[in-house]
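# Commentary on secondary and tertiary structure
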Amino acid sequence: MKKPLFYLAFLSLSFIATAQNAALKAKTDKKAESVESKVIAFRRDFHQNPELSNREFKTAEKIATQLRALGLEVQTGVGKTGVVGILKGGKPGPVVALRADMDALPVVERVDIPFASKATGEYNGQAVGVMHACGHDSHMAILLGTAEVLASVKNDLKGTVKFIFQPAEEGAPDGEEGGAALMVKEGVLQNPNVDVIFGLHISAQTEVGKINYRPKGAMASSDWFKIKIKGKQAHGASPWQGIDPIVTASQVILGLQTIVSRNVNITESAAVVSVGKITSGVRSNIIPEELEMDGTIRTLDSDVQEMIHARMKQIVTNIAESAGATAEVNITKQTLITYNDPDLTEEMLPTLQATAGKNNVILAPAMTGAEDFSFYQDKVPGLFIFLGGMPKNKNVAETASHHTPDFYIDESGFVLGVKALTNLTVDYMEKNPSKSSK
């Protein structure tokens, strides 16, 4: 039986489209390699001149200047210091958002590199050193490189690209809004309406040349808690005359650890409850009246999250009552679960494998670290991947972790990041022609 002419015509058009897409990606890959040195230069400048959350003023100016030079429509002051660049392709298609975070951390750098940070700043009233100790300098540089690559093939793009440079991923200072939640609140996913969002995070414990991914829950939700315990002040020499909030807090901390060990089914979902700060007392021979402790909760399942919240309040209240004290528990939800849409992940996995090589794209376990990229994924399908930044001659045991003074990234992995974001954008547009810019 002869194939209908329309079927043969369809096959012919599909072959032509596939060939055109392959040619476009070959062109963008070549362009990515040509901008590698510029991406590294961007990163070193950002690294040497870091700024804390919601204070990324000069960083934002540099980004806006570069995006304007590429001919993009630029919006500034989004979510306080955020910058958004819009690149309208020459052909109709979906709106793809790409995101990089901008803020540094209150950390004093110890890495011996020519562009090490000497910057200082103020964090919640304290004088601090400032360092890009989580790789946000790399993310900004890679996204600027991606913008240059995609701008160079603007007329061939089948859709619109929205470049989101976001402040305060590490959390806004006390009393301020910030981060992805604020950008979403201010409409960053609208005008034009975003269909899908991609992001990446450099990893100091993943070898250069590799990409880690995970469908569904890839990173944990992050909740912050504050517990206030009120006892009765007394002389340290006669504790029976008072109610000791410090002893009570010690029992509370031990009680909290039983939530994960005895209430969470750890074969199905990981969770963490950690106390990171305790404040109480003024001198060694006075039992204080009050105590405050602060900590974090990490979960990969919303039902587990709610159960932990309920158990915490029950444990803290009852232990305090048994000691004759009173307690107050306040829990604030900081970030959501970083949830990679499973259909989108499956759709784009071949792109990642073609970009990095199939053996270099690794299904990784979930992490209890948190990312406010989750607020974008709560509104539109998103995929968040992890880019290798560990030198090939190192192993995980020899590398400093994120958020530490010795955090180090191998810059040779940046070009793969540019190629990955570029190819995800081009391939998504190719695979979703029915969606058009709104």
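Let me begin by describing the structure that accompanies this report. Quick caveat: nothing in here was measured; it's all calculated off a predicted structure.

## Topic: the overall build of the protein chain
- In terms of helices and strands, the protein chain carries 10 helices and 18 strands.
- For the protein chain, whose C-alpha radius of gyration is 25 Å, the value lies close to the compact-globule estimate of 22 Å for 438 residues.
- Dimensions of the protein chain, computed from C-alpha atoms along their principal axes, come out at roughly 95 × 55 × 45 Å.
- When burial is assessed residue by residue, the protein chain has 52% of its 438 residues classed as buried.
- Put simply, 83% of the contacts in the protein chain that link residues at least 6 apart link residues at least 24 apart.
- Just so you have it, the protein chain exposes about 20200 Å², and 52% of that area is on carbon and sulfur atoms.
- If you average the places of the 45 positive and of the 49 negative side-chain charges in the protein chain, the two averages end up 5 Å apart.

## A few points about the pairing of strand β5 (residues 126–129)
- Bridge count for strand β4 (residues 120–123) against β5 is 4 bridges, and the pairing is antiparallel. Each residue of the ladder has a partner; that of Y123, found in β5, is Q126.
- Counting the residues that bridge the hairpin from β4 to β5 gives 2 residues, and of these N124 lies at a positive phi of roughly 50 degrees.

## Points about the packing of aromatic side chains
- Across all of its chains, the model carries 4 aromatic pairs by this definition.
- For the pair F373 and F384, a centre-to-centre distance of 4.8 Å together with 35 degrees between the ring planes defines the contact as tilted. Of this pair, F373 sits in the loop between β17 (361–363) and α9 (374–377) while F384 is found in strand β18 (residues 382–390), placing the two residues 11 residues apart along the sequence. Each member of the pair, F373 together with F384, is buried.
- Here a set of aromatic residues connected by ring pairs shows up, and it is made of F373, Y376, F384 and F386.

## Describing the nonpolar core
- Counting residues in each nonpolar core, the largest one holds 70 residues, and the members touching the most others are I63, L67, L98, F163, F165, F198 and I385.
- Tallying contributions element by element places helix α10 (residues 414–431) first for this core, with 10 residues.
- In contact with I63, not counting residues within four places along its chain, are F46, V83, M102, M140, L144 and F165.
- Core analysis: the second largest hydrophobic core is formed by 23 residues, I259, A271, M293 and I308 among them.

## Side note on the sheet that holds strand β7 (residues 196–207)
- The strand order across the open sheet formed by 8 strands is β1-β2-β6-β3-β7-β18-β8-β17, and the pairing between neighbours is mixed. Two strands bound the open sheet, and with one partner strand each, they are β1 (73–78) and β17. Neighbour to neighbour, the strand axes of the sheet diverge by 25 degrees on average, direction disregarded.
- The pairing of β1 with strand β2 (residues 82–88) spans 5 bridges and is antiparallel.

## Structural notes on unusual backbone geometry
- Here the bond from N191 into P192 is cis, since omega is 0 degrees, no more than 30 degrees from zero.
- Considering the arrangement of structural elements, one finds P192 in the loop between α5 (179–185) and β7.
- Looking at the element boundaries, N191 is found in the loop between α5 and β7.
- Overall, N191 belongs to the exposed group, its relative accessible area being 64%.
- In this structure, K216 is a non-glycine residue whose phi angle is positive, near 60 degrees.
- Within the secondary structure, K216 sits in strand β9 (residues 216–219).

The rules behind each value
Residues numbered from 1 in each chain as written. Predicted model: local features only at pLDDT ≥ 70, side-chain atom pairs only at ≥ 80, totals over all residues. Heavy atoms only, no water. Helix = DSSP H or I, 4+ residues; strand = E, 2+ residues; numbered from the N terminus. Rg over C-alpha atoms; globule rule 2.2 N^0.38 Å. Buried < 20%, exposed > 50% of the residue type's maximum accessible area, 1.4 Å probe, protein only. Contact = heavy atoms within 4.5 Å. Areas by Shrake-Rupley, 256 points an atom, 1.4 Å probe, with all protein chains shown as cover. Lys, Arg positive; Asp, Glu negative; His and termini not counted. Charge placed at Lys NZ, Arg CZ, Asp CG, Glu CD. Pairing = 2+ DSSP bridges. Phe/Tyr/Trp six-rings, centres within 6.5 Å; stacked < 30°, edge-to-face > 60°. Core = buried A, V, L, I, M, F, W, Y, C linked by side-chain atoms within 4.5 Å. Axes fitted to C-alpha atoms, helices over the stretch in contact; angles between N-to-C directions.

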